[in-house]
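A look at the structure
Here are the chains, one letter per residue:
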Amino acid sequence: MASFDLFYEIINNPGRYAINWKKETGNKVIGYFCSYAPEEIITAAGALPYRILAGSGSISKADAHLQAYSCSLVRGALEDALNGRLDFLDGTVFPHTCDSIQRLSDIWRMNAGFKFHADVMVPVKLNTASAGDYMTSILDKFKKELEKLTGIEIAREKLKEAISIYNSIKKNLSRLYAIRRDAPDVIKSSDIHAIFKAAMVMDRRRLLEELERLIADLGENDRAPDTADKRIVLSGGLCSMPDIYKTIEKSGGVVVWDDFCTGSRYFEGEINTKVEPLRSIADRYMERVVCPAKHKSLFSRGEYLVNAVKENRADGVIFFLLKFCDPHAFDYPYMKEMLEKENIPSVLFEIEDQLPSEGQINTRCEAFMEML
Amino acid sequence: MSDPNKAIDPEVERRKIKSVKRMKEIMTEYYIEAKTPKEQTGKKIAWITSGGPVEPLIVMDVIPVYPENYGAMIGASKMGTDLCEKAESMGYASDLCSYARADIASATVNGGPIGGLPEPDMLICCNNICGTVLKWYEVQARYFNVPLFILDTPVCHTEYSAEIKQYVEKQVTEYIEFLEGVCGKKFDYDKMVEVGELSVRGQELWQEVLDTTMNRPSPMTCFDAFFHLALIVTLRGTQPVVDYYEMLLAEMKQRIKDGISMVTDEKYRLLWDNLPIWYRTRWLSDKFAAHGACLVADTYTSGWCSSLKYMDKTDFLGSLAEGYTRIFLNTGTDQMADNILEMAKKYNADGLVIHSNRSCKPYSLGQYDIQKIVQEKMHIPTLVIEADMIDERIFAESQIETRIDAFIEMLE
């Protein structure tokens, strides 16, 4: 029987996990935002990459710095930093993505009081050779900044080793998605959600071991055939609300794929180990499906979504729009239209700090499943 | 129409800026040419972001059109809310930039004061002002099915790094190659030298016009600057801009000589931060003027000369990358605060009015920190107005009025 206890234990108090890790290893913990943070380099420096997600409490201190029209991720993260809930971090990495994160980086640098602060100025275009060269050069710059912080030179071999760990982690995460797609009752979406959340904060070597064990436990043979549940693809930024999976399941749906940066976008794209390490990390970002704050082509995200529906034999799409998330809000109309052209039904849920009231979302979810 | 029976107040007439007439003529001519069928002008049309490098377009004889300038016109004509609502019915969230919403909607219905902008042959998007323009221009590139060039200018949070420099410089070359491809002709580097000189000259003159407000009393206010700004935005790099600002500068100097101020009995000198509230400029202007408060300068209109120090008049193309990457909005919040501190000193400001503009996150997020810095370092009162540049639904008049009154009391 596969157990997910460890992952739940970590996500219930990821800060405590990081503090213990620090005590045990004596190494540094680096907070990061979003999937454009080059975790491989942080790991190669012997540090722990710790993904900062939405805050864990109500907002008070952050209100003195951020207007009410900033998204809950940005406000929640700042609140945690100002409240001392992230004091175990030795520093933070801000990859450039959207306007809100851009200014959060400044406000953070000016107020949060961490000694290390890196802006990794990821290009916005991810479809030109010069952007690829630039991306490689800023990864090198970031590597040097980390070396200065840790006092340790990040040797090429260390980078290659970290890359291979991440490739294996991501392969295993993608296998979890494949298992769920082929046999949704073998692993629940809420469990996958817990694993991903833990994966972004825990020791990556340990993570790899745990994932390998888990996948072995899940087994290849004891899979039940498809259920009658409606197969759903989720689309949006990130989802830090595990309850949504239960709601979907209760309404007779089952999640088979997503395009979240805490989901498929996190594990997709293997880093080519035959290329120079920094270049190969950059190449993966250039090839992977983009965050809507980045540009690859005019239709890339819509095409990805339509394919995700087809490949995973899905019946419909639920869009999650985090309130005040501009990049996603701009993409929603055209992506919805592309789905319509393929006769794929979709529904939009807007999320503020929390999901809409349970009753409301249950009703809408049920109505959508019935329509399917 | 003005009422012929209404007596002309000579005092009001005396205070009016006379160059306004010429400015309106130039803008009308500009939009008439842009809207003339392309078969007649033989010119291509590019839509370009307000912070984008327009000069190479001028060199290629392409007519630049600015959706953001049109957004301002839409706002000033109080047509913003309708168009924003139209965009919302198309599926765009009401929290998105109101310029973007208005433009996206306007394109589909030929809306706004001049019945829509002429259709583009290409789109030029420079993200030095925000990430929103990328998404906005993607929407328009899909709608019009025309080529999109993105000039990616990474944010200089704390530095203009060697990596950024190399990347943007490479893209300047790519920009020219893109234009050569779309226009089907070679780029004229000699003409670039001329256009570059005119651009820098225009920016210098605009800064000089803005600097006349250092005089006490000030010959104009930032509300005037919001109006006269249109030329440096839309026709930068052309002779009419230089000629016009020379004329405007001469008028301002004459006003100073003649002791003509814009605000009667100027008592307080204030700074404005962020975009105008286009549908309420008159209301705000009157409101402040009634208290003898003159908004002498603003961070917005001076934004178009904020990187003059990085521009090399003798090598415009060579300095284009740095000049366009280091505009003040593309720097860190602390640097933006420094900019305001410098302006407060330069213009002898007694207070700071901050427009927290729901539409513009890179401009607005960080303003609370800037406010604190200004209070600590300058010990001057500050006021935050929560509003939006063209979506009138966000404007809470009575609340804002109360806050302005309280702010004026603090100045006294």
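Refer to the structure above for everything that follows.
Rules used throughout
- Residues numbered from 1 in each chain as written.
- Chains lettered and ligands numbered in written order.
- Predicted model: local features only at pLDDT ≥ 70, side-chain atom pairs only at ≥ 80, totals over all residues.
- Heavy atoms only, no water.
- Helix = DSSP H or I, 4+ residues; strand = E, 2+ residues; numbered from the N terminus.
- Rg over C-alpha atoms; globule rule 2.2 N^0.38 Å.
- Areas by Shrake-Rupley, 256 points an atom, 1.4 Å probe, with all protein chains shown as cover.
- Lys, Arg positive; Asp, Glu negative; His and termini not counted.
- Charge placed at Lys NZ, Arg CZ, Asp CG, Glu CD.
- Buried < 20%, exposed > 50% of the residue type's maximum accessible area, 1.4 Å probe, protein only.
- Contact = heavy atoms within 4.5 Å.
- Buried area = accessible area lost by both parts, 1.4 Å probe.
- Salt bridge = Lys/Arg side-chain N within 4 Å of Asp/Glu carboxyl O.
- Polar contact = N/O pair within 3.5 Å; in protein donor to acceptor, adjacent residues only side chain to side chain.
- Arc of directions from axis to C-beta.
- Core = buried A, V, L, I, M, F, W, Y, C linked by side-chain atoms within 4.5 Å.
- Pairing = 2+ DSSP bridges.
- Axes fitted to C-alpha atoms, helices over the stretch in contact; angles between N-to-C directions.
- Right-handed = clockwise from strand over helix to strand, strands pointing away.
- 1 Å grid on protein atoms, 1.4 Å probe; cavity = no way out; pocket = protein on both sides within 12 Å on 5 of 7 lines; lining within 4 Å.
- Points joined across faces, edges and corners; volume = space filled by probe spheres on them.
- Nonpolar A, V, L, I, M, F, W, Y, C, P; charged D, E, K, R; others polar.
- Patch = residues over 30% accessible without salt bridge, like charges linked within 9 Å, V, L, I, M, F, W, Y side chains within 5 Å.
- Parallel < 35°, antiparallel > 145°, perpendicular 65-115°, else oblique.
- Disulfide = S-S within 2.5 Å.

Focus on the overall build of chain A
Of regular secondary structure, chain A possesses 15 helices and eight strands. Computed over the C-alpha atoms, the radius of gyration of chain A is 20 Å, within 12% of the 21 Å expected from 2.2 N^0.38 for a compact globule of 372 residues. As displayed, chain A has an accessible area near 14000 Å², and 47% of this comes from carbon and sulfur atoms. Separation of charge centres in chain A, based on 49 positive and 55 negative side chains, amounts to 4 Å.

Describing the overall build of chain B
Along chain B, the regular secondary structure elements total 19 helices and eight strands. Its C-alpha atoms give chain B a radius of gyration of 21 Å, within 12% of the compact-globule value 22 Å for 412 residues. Seen through its C-alpha atoms, chain B measures out along the principal axes to roughly 60 × 55 × 45 Å. For chain B, the residues scored as buried account for 62% of the 412 residues in total. Long-range contacts, defined here as pairs at least 24 residues apart, represent 79% of the contacts in chain B between residues at least 6 apart. For chain B, the accessible surface area stands at approximately 15600 Å², while carbon and sulfur atoms represent 50% of it. Distance between charge centres in chain B, computed from 44 positive and 61 negative side chains, equals 2 Å.

Structural notes on the interface of chain B and chain A
Each partner contributes residues to the interface: chain B has 55 residues there, and chain A has 46 residues. Of the roughly 4300 Å² buried where chain B meets chain A, counting both sides, 59% is carbon and sulfur surface. Counting across the chain B and chain A interface gives six salt bridges. Between Lys361(B) and Asp326(A) there is a salt bridge, and its shortest N-O distance comes to 2.9 Å. Here chain B and chain A share 26 residue pairs in polar contact (both at pLDDT 80 or more) between them. Those elements that place two or more of their residues in the side of chain B that touches chain A are α7 (98–109), α8 (132–144), β4 (148–151), α9 (162–183), α16 (333–346), β7 (351–357), α17 (361–364) and α18 (367–378) of chain B. Per element, the largest residue contribution to the side of chain B that touches chain A is eight residues, and it comes from α8(B).

Side note on helix α6 (residues 80–89) of chain B
All names here are of chain B. Within the sequence span of α6, burial applies to Gly80, Thr81, Leu83, Cys84 and Ala87. Seen from one end, α6 has its buried residues packed into an arc of 165°, which puts them on one side. For α6, the exposed residues set more than 90 degrees away from the buried face come down to Asp82 and Ser89.

Concerning the nonpolar core
The tendency in soluble globular proteins is for nonpolar side chains to be buried as a group. Counting residues in each nonpolar core, the largest one holds 293 residues, and the members touching the most others are Trp108(A), Ile318(A) and Phe288(B). Excluding anything up to four places from it in sequence, Trp108(A) contacts Phe33(A), Ile52(A), Ala77(A), Leu78(A), Ala81(A), Leu86(A), Thr92(A), Phe94(A), Gly113(A), Phe114(A) and His117(A).

Section: the sheet that holds strand β5 (residues 268–273) of chain B
All names here are of chain B. Strand order across the open sheet formed by four strands is β6-β5-β7-β8, with parallel pairing between neighbours. The sheet terminates laterally at β6 (293–298) and β8 (382–387), the two strands that pair on one side only. The average angle at which neighbouring strand axes cross in this sheet is 30°, direction not considered. Against the sheet, helix α14 (residues 281–290) makes contact with β5, β6, β7 and β8, and its axis sits at roughly 125° relative to β6, the strand it touches most.

Description of the pairing of strand β7 (residues 316–322) of chain A
All names here are of chain A. Within β7, seven of the seven residues are buried, which leaves it mostly tucked inside the rest of the structure. The alternating pattern of β7 places Gly316, Ile318, Phe320 and Leu322 and Val317, Phe319 and Leu321 on opposite faces, both of which are buried. Strand direction decides the pairing type here: strand β5 (residues 230–236) and β7, joined by five bridges, are parallel. Paired with Val233 across the bridge in β7 is Val317. Bridge count for β7 against strand β8 (residues 346–351) is six bridges, and the pairing is parallel. Following the sheet pairing, Val317 is matched in β8 by Ser346. Handedness of the β7-helix α14 (residues 326–341)-β8 crossover: right-handed.

Some points on empty space enclosed by the protein
Residue and element names in this part refer to chain A. Going through the model one piece at a time under the given rule, you end up with 10 cavities of 30 Å³ or more. Along the wall of the second largest cavity there are 14 residues; nearest its centre are Tyr177, His193, Phe196, Tyr245 and Thr262. Counting residues per element, the lining of the second largest cavity draws most heavily on helix α8 (residues 189–199), which supplies five residues. Split by residue class, the lining of the second largest cavity holds seven nonpolar, four polar and three charged.

Quick look at the pattern of salt bridges
Across all of its chains, the model carries 55 salt bridges over all chains by this definition. With a closest N to O distance of 2.8 Å, Asp95(B) and Lys323(A) form a salt bridge. With Asp95(B) in the loop between α6 and α7 and Lys323(A) in the loop between β7 and α14, the pair connects residues from two separate chains. Lys323(A) shares its class with Asp95(B); the two are buried. Through salt bridges with shared partners, a single network forms among Asp259(A), Arg301(A), Asp331(A), Lys135(B) and Glu138(B).

Overview of the sheet that holds strand β6 (residues 253–258) of chain A
Residue and element names in this part refer to chain A. Judged by pairing direction, the sheet is parallel, and its four strands sit side by side in the order β6-β5-β7-β8 without closing on themselves. In this open sheet, the two strands that pair with only one neighbour each are β6 and β8. Across the sheet, the mean angle from the axis of one strand to that of its neighbour is 30°, orientation sign disregarded. Running over the sheet, helix α15 (residues 358–371) touches β5, β6, β7 and β8 and is turned about 165° from β8.

A few points about a negative patch on the surface
Residue and element names in this part refer to chain B. Taken together, the side chains of Asp188, Asp190, Glu194 and Glu197 make up a negatively charged region of the molecular surface. Relative to the helices and strands, Asp190 resides in helix α10 (residues 189–211). Judged by its relative accessible area of 61%, Asp190 is exposed.

Here we look at the packing of α7(B) against α8(B)
Residue and element names in this part refer to chain B. Where α7 contacts α8, the two axes come as close as 10 Å, and the packing angle between them is 5°. Judged by the angle between their axes, α7 and α8 are roughly parallel. Along its contact with α7, which presents Tyr99, Ala100, Asp103, Ile104, Ala107 and Thr108, the element α8 presents Thr132, Trp136, Val139, Gln140, Tyr143 and Phe144. Classifying every residue of the contact of α7 with α8 by side-chain character gives eight nonpolar, three polar and one charged.

What about the environment of Phe144(B)?
Residues and elements named next belong to chain B. With respect to the helices and strands, Phe144 occurs in helix α8. Along the backbone, Phe144 and Ala107 are 37 residues apart, and their C-alpha atoms lie at a distance of 9.1 Å. When residues no more than four places from it in sequence are discounted, the contact partners of Phe144 are Trp47, Ala107, Glu119 and Pro120.

Observations regarding the packing of helix α5 (residues 67–76) of chain B against α7(B)
Residue and element names in this part refer to chain B. Taken N-terminus to C-terminus, the directions of α5 and α7 make an angle of 95°; their axes are 9 Å apart at the nearest point. Taken together, α5 and α7 sit at an angle that is classed as roughly perpendicular. Contacts between α5 and α7 involve Pro67, Glu68, Tyr70, Gly71, Ala72 and Ile74 on the former and, on the latter, Tyr99, Ala102, Asp103 and Ser106.

Overview of the side chain of Thr92(A)
Residues and elements named next belong to chain A. By the element assignment, Thr92 lies in strand β3 (residues 91–95). Among the polar contacts made by the side chain of Thr92, one reaches the side chain of Trp108 at a distance of 2.9 Å. Look past the residues within four positions of Thr92 in its chain and what remains in contact with it is Gly31, Phe33, Ile52, Trp108, Phe114, Phe116, His117 and Ala118.

So, the state of the cysteines
Applying the stated rule across the entire model yields zero disulfides over all chains. Free cysteine Cys130(B): the closest other cysteine sulfur is in Cys360(B), separated by 6.1 Å.

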